[in-house]
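# Commentary on secondary and tertiary structure
These are the residues of each chain, in order.
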Amino acid sequence: MHNPKASFRLLSRYYPVIAAAAEQERGVSLTRFRELLDAARLQDSRSASSVLDTLAEHNLIERSAESDDEWTVALPIRQAMAYLSGRYGATLPGALQGMLASIKDQTTRLRQHIARDLRPEIELSRQALIREIDKALYASYEHSHGIQSAVFELKMASRQRSLAERHAQIIGLHDQYLEPIKAMVDTGGSMQECIKDLLALIRQATATRESDGLESLKAHAQRFQRESLAHFEAARQALLPLYTKVRKDHAVSVAVSAMLSAASARGLSTWNVGQHLGVVRTRIEAVVTDTALLRYLVGALGSHGDAPQARQRTLVTPRSARLPPVSPPLFADDLVDEIAGKSDALAYLFDTYPEQPDEQLLAVYADLLLERVGNRATFAEHTVARVMRGYRYTYAPMTVHVVDGGSH
Amino acid sequence: MYPKFSQQAFDMLTKGRHLCAADGEVYQDLHNNQAQYEALFAAIGFKLVCDPRGFAYFTGEAEGSIAQRMERAALLVFLITDRLSDKGIGVEEGFFSGRPIQIADLVSDTEPRRASLLRDAGLLAADERVNTLRYMARCGFLVYHEDRDAVSFQAPVRRIIDLALNAAEEVRPKSDDAITEDADE
């Protein structure tokens with residue numbers, strides 16, 4: 001592979017000759033190339049043949065598909081030159097559609113000439129078809145390149161347009177330029193059908209008679225089929241990410257604009273944030289309660305992965321745990337009087353009711369705290385840590401005070 | 001075995017925080033053991049929502065002052081989105097490209113409609129805007145760079161954008177209403 005810099009230097013040096021060759025309808029012979037070289041007055045002492053060899057080595061020109069004695073400028077070079085000379089923009093797909101119609105007409109004529117075995121007419125049709133196919137190939141490239149250029153320009157200039165403007169442009173590019181081409185190149189599309197028809201005719205004709213140059217027509221048709229699809233893919237890949245993104249962005253922008261308009265007209269409450277954007281932000285006492293409960297659950301579920309020996313329950317007071325409901329037989333109501341005056345209600349419960357499950361005792365304790373004793377309970381200033389039935393409880397001991405005439 | 005960071009996650013979530021990758025190992029562990037966290041919190045009546053876009057929160061209905069704060073947060077997000085749209089910048093690029101956003105000009109009160117909205121929300125004073133941004137930072141919607149008056153949005157702010165996408169149809173005036181409003185004017 002040649003150094004691209006060397007190839008570009010060569011292109012630059014022989015640009016007038018290469019550009020003139022690219023303008024030719026067909027390939028150029030060695031004689032014609034020599035004339036072009038002379039006309040360009042490049043003051044080059046090298047022979048035309050030697051220059052052709054060098055240009056071919058750098059893939060700037062290649063042997064013509066039609067004749068080994070003729071040379072054509074390589075397609076990418078012709079495309080680059082056309083782009084540099086500012087000839088290309090995104091052509092409307094209608095232009096390509098027109099060329100396909102022309103290929104179709106020429107195919108019909110070729111079919112008729114082959115049927116009548118009219119050799120000079122076959123040759124004329126063949127040449128006309130090659131020209132039409134090359135034109136369509138150019139148009140296909142031009143179209144794809146136009147879309148890619150537009151995408152590039154949109155990306156570069158994105159800060160100068162509002163999102164609404166960008167949306168309109170990109171949607172327009174997609175709907176008016178890309179989608180119609182997709183319909184042509186997809187299976188069953190007009191481009192595919194047109195080339196398929198031509199290839200079938202060539203296959204049929206060459207099976208029963210001499211090629212008459214139809215093989216080179218076949219090569220052009222296949223190339224068109226292959227490259228037009230590649231052109232479409234290149235355009236699609238350039239546009240689609242932008243298209244997807246701008247649609248999402250535009251949807252958000254439109255929605256936000258509607259929200260702001262609604263708030264301007266009817267106030268912020270129209271958003272109904274409470275319903276749509278619910279956030280749990282518990283009150284302080286609820287956090288204490290729920291944290292205690294979480295700790296209880298954690299203890300009940302098992303030990304911590306990092307500290308398997310620790311089995312701990314922490315009851316935060318004065319608002320202690322809202323523990324899961326546990327069935328009778330023990331009720332807080334029945335125990336208020338009994339517990340009144342005891343310095344540590346929880347320890348009393350565990351000591352006095354050893355047959356009751358932990359959960360039962362904790363539920364009674366929570367019930368006493370939250371529902372039964374109200375402001376008659378006081379809590380020790382310091383927490384204690386007591387191990388009861390294998391669990392370490394950390395809590396501030398509660399005392400329920402006796403009132404005259406009983407606790408009720 | 002219960003999830004390693006259940007206590008820390010619970011403490012943060014109950015304060016209204018949305019957890020995301022910025023919360024480090026707490027979110028990472030929650031993300032990796034989602035089902036366990038959900039079950040644990042469900043047992044005490046909290047619904048944990050793990051959004052596949054990279055954040056988690058306790059859901060519930062916002063009431064009172066919380067709803068008002070969330071309204072203010074939504075207003076700031078919408079005003080910033082609207083201004084970015086004018087500049088041709090979409091939410092993905094504007095909010096999540098990692099570049100902090102200078103907010104002074106994005107929520108400015110120089111336009112009548114914006115000023116009116118900010119006034120209605122009690123955000124005309126810069127101090128109130130700062131308070132709201134701090135609140136949003138506590139909720140995990142953004143990181144507030146106070147020294148630069150800039151914000152970096154976090155994944156949970158997508159909830160506020162969702163609000164616009166979900167509620168826009170509801171709040172958009174019906175064609176009959178529009179005619180009536182025009183007639184009233």
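What comes next concerns the included structure. Just so it is clear, the model here is predicted, and its values are computed rather than measured.

## Focus on the overall build of chain B
The helix and strand inventory of chain B stands at nine helices and six strands. In chain B, buried positions account for 51% of the 185 residues. Expressed as a percentage of contacts within chain B between residues at least 6 apart in sequence, the contacts between residues at least 24 apart total 58%. Of the accessible surface of chain B, which amounts to about 8500 Å², a share of 48% is contributed by carbon and sulfur atoms.

## Quick look at the overall build of chain A
Along the backbone of chain A there are 15 helices and eight strands. Buried positions account for 45% of the 408 residues belonging to chain A. For chain A, the exposed surface amounts to about 20800 Å²; the carbon and sulfur share of it is 51%.

## Overview of helix α10 (residues 214-266) of chain A
Because an α-helix packs 3.6 residues into every turn, residues spaced three or four apart end up facing the same way. Residues and elements named next belong to chain A. Taking 1.5 Å per residue as the helical rise, α10 with its 53 residues ought to reach 78 Å, and the 74 Å between its terminal C-alpha atoms agrees with that figure. Leu239 marks where α10 bends most, by close to 30°; the proline Pro241 follows one to four residues later. Within two residues after α10, Gly267 carries a phi angle of roughly 90°, on the positive side.

## Details of the sheet that holds strand β2 (residues 61-63) of chain A
Residue and element names in this part refer to chain A. Taking strand neighbours across the sheet as the criterion, the three strands line up as β1-β3-β2 in an open arrangement whose pairing is antiparallel. The strands lining the two open edges of the sheet, one partner per strand, are β1 (28-29) and β2. Here three bridges tie β2 to strand β3 (residues 70-73), and the two strands are oriented antiparallel to one another. Across the sheet, the residue bridging to Ile61 is Val73, located in β3.

## Things to note about the packing of helix α9 (residues 190-208) of chain A against α10(A)
Two quantities define a packed helix pair, namely the angle between the helix axes and the distance between the axes. Residues and elements named next belong to chain A. Viewed as axis vectors pointing N to C, α9 and α10 meet at an angle of 155°, and their least axial separation amounts to 10 Å. If you check the angle between α9 and α10, you find them roughly antiparallel. In the crossing of α9 with α10, the sense of the turn from one axis to the other is left-handed. Contact residues: Met191, Gln192, Ile195, Leu198, Leu199, Ile202, Ala205 and Thr206 in α9; Leu214, Glu215, Leu217, Lys218, Ala221, Gln222, Phe224, Gln225, Ser228 and Leu229 in α10. Its residues assigned to classes, the contact of α9 with α10 shows eleven nonpolar, five polar and two charged.

## Thoughts on the environment of B:Gly122
Residues and elements named next belong to chain B. One can find Gly122 in the loop between α6 (112-120) and α7 (126-139). The class of Gly122 is partly exposed, set by a relative accessible area of 29%. Along the backbone, Gly122 and Gln68 are 54 residues apart, and their C-alpha atoms lie at a distance of 10.0 Å.

## Some thoughts on the sheet that holds strand β5 (residues 142-145) of chain B
All names here are of chain B. Here three strands make up an open sheet; going across it, the order is β4-β6-β5 and the pairing antiparallel. Of all the strands in the sheet, the pair left with one neighbour each is β4 (101-102) and β5. Summarising the sheet, β5 and strand β6 (residues 150-153) pair through four bridges and their orientation is antiparallel. Within β6, the residue paired with Leu142 across the bridge is Phe153. This element, α7, spans β5 and β6 of the sheet and lies at about 135° to β5.

Cut-offs used in this document
Residues numbered from 1 in each chain as written. Chains lettered and ligands numbered in written order. Predicted model: local features only at pLDDT ≥ 70, side-chain atom pairs only at ≥ 80, totals over all residues. Heavy atoms only, no water. Helix = DSSP H or I, 4+ residues; strand = E, 2+ residues; numbered from the N terminus. Buried < 20%, exposed > 50% of the residue type's maximum accessible area, 1.4 Å probe, protein only. Contact = heavy atoms within 4.5 Å. Areas by Shrake-Rupley, 256 points an atom, 1.4 Å probe, with all protein chains shown as cover. Expected span 1.5 Å × (residues − 1). Bend = angle between axes of the 7 residues up to and from the residue. Pairing = 2+ DSSP bridges. Axes fitted to C-alpha atoms, helices over the stretch in contact; angles between N-to-C directions. Parallel < 35°, antiparallel > 145°, perpendicular 65-115°, else oblique. Left-handed = near helix turned anticlockwise from the far one by under 90°. Nonpolar A, V, L, I, M, F, W, Y, C, P; charged D, E, K, R; others polar.

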